[in-house]
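Examination of the molecular architecture
Residues per chain are reported as follows:
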Amino acid sequence: MKTLILMAFMLLSAVSFAQTEGYKIGDVVKDFSLKNVNNKTVSLADYKYAKGYIVVFTCNTCPVAKAYQGRVAALNATYATKGYPVVAINPNDAGAVPDESFEKMQALASQKKFSFPYLLDPDHVVTKQFGATRTPHVFVLNKTDKGNVVEYIGAIDNDPEEANGTKTDYVKNAVNELSVGKKPVVASTKAVGCGIKWKKG
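Procedures and definitions
Residues numbered from 1 in each chain as written. Predicted model: local features only at pLDDT ≥ 70, side-chain atom pairs only at ≥ 80, totals over all residues. Heavy atoms only, no water. Salt bridge = Lys/Arg side-chain N within 4 Å of Asp/Glu carboxyl O. Helix = DSSP H or I, 4+ residues; strand = E, 2+ residues; numbered from the N terminus. Buried < 20%, exposed > 50% of the residue type's maximum accessible area, 1.4 Å probe, protein only. Contact = heavy atoms within 4.5 Å. Polar contact = N/O pair within 3.5 Å; in protein donor to acceptor, adjacent residues only side chain to side chain. Pairing = 2+ DSSP bridges. Axes fitted to C-alpha atoms, helices over the stretch in contact; angles between N-to-C directions. Phe/Tyr/Trp six-rings, centres within 6.5 Å; stacked < 30°, edge-to-face > 60°. Lys NZ or Arg CZ within 6 Å of the ring centre and 35° of its normal. Disulfide = S-S within 2.5 Å. Core = buried A, V, L, I, M, F, W, Y, C linked by side-chain atoms within 4.5 Å.

As recorded by an unreviewed UniProt entry, the protein carries the name Thioredoxin family protein and is attributed to Pedobacter miscanthi.

1. Section: the pattern of salt bridges
Within the structure shown, the criterion is met by 7 salt bridges. Here arginine 71 and aspartate 157 are joined by a salt bridge, their closest N and O atoms 3.1 Å apart. Of the two residues, arginine 71 sits in helix 3 (residues 69-79) while aspartate 157 sits in the loop between strand 9 (147-154) and helix 6 (170-179), which places them 86 residues apart along the sequence. A residue is classified by how much of its surface remains accessible, and arginine 71, at 11% relative accessible area, is buried. Here lysine 183 and glutamate 151 are joined by a salt bridge, their closest N and O atoms 2.9 Å apart. Of this pair, lysine 183 sits in the loop between helix 6 and strand 10 (194-195) while glutamate 151 sits in strand 9; the two residues are 32 residues apart in sequence, bridging distant segments of the chain. One network of salt bridges, in which partners are shared, links Arg71, Asp157, Glu162, Lys167 and Asp169.

2. A few points about the side chain of glutamine 69
Its place among the elements puts glutamine 69 in helix 3. In this structure glutamine 69 touches Cys59, Asn60, Leu108 and Lys112, once residues within four positions along its chain are discounted.

3. Here we look at the side chain of threonine 189
As for its position among the elements, threonine 189 is in the loop between helix 6 and strand 10. Relative accessible area serves as the criterion here: at 9%, threonine 189 is assigned to the buried category. Looking at threonine 189, its side chain comes within polar contact range of the main-chain nitrogen of alanine 155, at 2.9 Å.

4. Some details on the sheet that holds strand 1 (residues 28-29)
With respect to topology, 8 strands assemble into an open sheet ordered 1-9-8-4-5-6-2-3, the strand pairing being mixed. Whereas interior strands pair on both sides, the edge strands pair on one side only; in this sheet they are strand 1 and strand 3 (41-42). Each of strand 2 (34-36), strand 5 (86-90) and strand 6 (118-120) touches helix 4 (residues 102-112); the most contacted strand, strand 6, lies at about 180° to it.

5. A few points about the packing of aromatic side chains
Considering all chains together, one arrives at 8 aromatic pairs under this definition. When the centroid spacing of 4.6 Å and the interplanar angle of 25° are considered together, the rings of phenylalanine 114 and phenylalanine 116 count as stacked. Judged by relative accessible area, which is 18%, phenylalanine 114 ranks as buried. For phenylalanine 116, a relative accessible area of 7% translates into the label buried. For lysine 35, the ring lying beneath its charged end belongs to phenylalanine 102, and the centroid distance is 4.2 Å.

6. Things to note about the state of the cysteines
Across all of its chains, the model carries 1 disulfide by this definition. Disulfide partner of cysteine 62: cysteine 194, at an S-S distance of 2.2 Å. A torsion of 80° about the S-S bond marks the disulfide between cysteine 62 and cysteine 194 as right-handed. Taken together, the residues cysteine 62 in the loop between strand 4 (52-57) and helix 2 (63-67) and cysteine 194 in strand 10 connect sequence positions 132 residues apart. Just as cysteine 62 is buried, cysteine 194 falls in that class too. For the unlinked cysteine cysteine 59, the closest cysteine sulfur is that of cysteine 62, found at 5.0 Å.

7. Regarding the nonpolar core
Core analysis: the largest hydrophobic core is formed by 33 residues, its most contacted members being Ile54, Tyr118 and Val171. Going through the elements one at a time, strand 4, helix 2, helix 3, strand 5, helix 4, strand 6, strand 8 (137-144) and helix 6 are the ones with two or more residues in this core. In terms of residues, this core owes the most to one element, helix 6, which gives 5 residues. In contact with valine 171, not counting residues within four places along its chain, are Ile54, Leu75, Val138, Val140, Tyr152, Ala155 and Ile156. Membership of the second largest hydrophobic core comes to 21 residues, among which are Leu34, Ala50, Val55 and Ile196.

Here it is in structure tokens:
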């Protein structure tokens, strides 16, 4: 797996992280309602006491996304109680990759004991609204009087293989800064992972 992660990282090392579509820093996010692995729908509005959200586009099969599963769970364990829960969304089309099916999502969530929602975006509607292009791809939102504002977009950290001696925890830093009323010092980075598997046609 580490070789596959390194290959993905190297292939993307020269790719700009600038987005041409989807939300930008400072945009207000439109709420959504997607089916969770427990067959109930989840919306951001369901989290009445949230101060913000860590929205992670991830999946079942990408080696990079799989390498980050534990770190996503750790983010939720650390920050959900502080008002910044993880909301994970699978953007991939099961028609293109059968192992991305809802049933496989349920099995993964059960196996890994996910403590956060793992939502299916079957028609890529929410994925396209956000402008997510990779798995994993993270959007940190801050709840304000005008709505849920995008404050950080990009990677979880700069250490896909957990071998970087100068690791920077982008998402942790962003949430920590927001929680004390500051803007993230680093607001955008390059999301490193597998390309989203879109529906054909």
